Amino acid sequence: AQSVSQHNHHVILSEAASLELGCNYSYGGTVNLFWYVQYPGQHLQLLLKYFSGDPLVKGIKGFEAEFIKSKFSFNLRKPSVQWSDTAEYFCAVTRGNTGKLIFGQGTTLQVKP
Amino acid sequence: AAGVIQSPRHLIKEKRETATLKCYPIPRHDTVYWYQQGPGQDPQFLISFYEKMQSDKGSIPDRFSAQQFSDYHSELNMSSLELGDSALYFCASSRRTLQETQYFGPGTRLLVL
């Protein structure tokens, strides 16, 4: 079973629309949470991360994510998307004493100009 | 700022051939991770090294081997290549604490014919 689940596989939005991408994980214990973005033909870039503290995390390019421990969720949000946000978005987790990233299936975001 | 360097960027091989992928981490990063991303799939962890020792192992086939050298660069050796090995191979580097972010290289795109 997939241990990191992203609910939306393909999202199409118009510019200026609000975005929320869901991410749930199935691990107990301490986890570190990440959102990475992969623009077409490029490598993975970190958008934001949560280790501890304030569960509302702000990242680059106007993205933010909220960690809700009771729901095992770490959803990504952006109030107003731009055409340049068209990309693949991956939620990922590290857990325990290992640094390896466990990725979700990814969500393809297409923003129409 | 210096980034993770991977070479080659593209590689075409025949079935049953061997391939060597190289990864040069960000300076002062002591940990290297290898991931495999098949077409339309999420990245899957293969193996990681810390201070030249294997630190974790994922779904890496026995036909593959890897090592980290004294200058911290890493090489992934792939033998008896199969069509299913065609994928994007990412290397990521970090500094060895659990809260250090992994920075990804541009990847090596391997095509096995």
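Please refer to the structure placed before this passage.
Calculation notes
- Residues numbered from 1 in each chain as written.
- Chains lettered and ligands numbered in written order.
- Predicted model: local features only at pLDDT ≥ 70, side-chain atom pairs only at ≥ 80, totals over all residues.
- Heavy atoms only, no water.
- Pairing = 2+ DSSP bridges.
- Helix = DSSP H or I, 4+ residues; strand = E, 2+ residues; numbered from the N terminus.
- Axes fitted to C-alpha atoms, helices over the stretch in contact; angles between N-to-C directions.
- Contact = heavy atoms within 4.5 Å.
- Salt bridge = Lys/Arg side-chain N within 4 Å of Asp/Glu carboxyl O.
- Polar contact = N/O pair within 3.5 Å; in protein donor to acceptor, adjacent residues only side chain to side chain.
- Nonpolar A, V, L, I, M, F, W, Y, C, P; charged D, E, K, R; others polar.
- Buried < 20%, exposed > 50% of the residue type's maximum accessible area, 1.4 Å probe, protein only.

Turning our attention to the sheet that holds strand 3 (residues 19-24) of chain B. All names here are of chain B. The 4 strands are arranged 1-3-8-7 in an open sheet whose pairing can be described as antiparallel. The outermost strands of the open sheet, each flanked by one partner alone, are strand 1 (5-7) and strand 7 (64-68). Each neighbouring strand pair of the sheet contributes to a mean axis angle of 15°, computed without reference to strand direction. As paired elements, strand 7 and strand 8 (residues 74-78) share 5 bridges and run antiparallel to each other. Paired with Phe-64 across the two strands is Met-78, which belongs to strand 8.

Our focus in this paragraph is the interface of chain A and chain B. On the side of chain B, 17 residues touch chain A, which itself brings 19 residues to the contact. Where chain A touches chain B, the interface holds 0 salt bridges. Joining chain A to chain B, the criterion identifies 5 residue pairs in polar contact (both at pLDDT 80 or more). Within the residue set of the side of chain A that touches chain B, elements represented by two or more residues are strand 5 (31-38) and strand 6 (44-50) of chain A. Each residue belonging to the side of chain A that touches chain B can be placed in one class, and the counts come to 7 nonpolar, 10 polar and 2 charged.

Residue and element names in this part refer to chain B. If you trace the backbone, Asp-85 turns up in the loop between strand 8 and strand 9 (87-94). By relative accessible area, which is 4% here, Asp-85 ends up buried. Filtering out sequence-adjacent residues up to four positions away, Asp-85 remains in contact with Gln-36, Arg-63, Phe-64, Ser-80, Leu-110 and Val-112.

Right, let's get into the environment of Asp-85 of chain B. When the C-alpha atoms of Asp-85 of chain B and Lys-22 of chain B are compared, they prove to be 16 Å apart, with 63 residues separating the residues in sequence. Reaching out from Asp-85 of chain B, the side chain makes a polar contact with the backbone nitrogen of Glu-82 of chain B at a distance of 2.8 Å.

Scope: geometric values only; no functional claims are made or implied.
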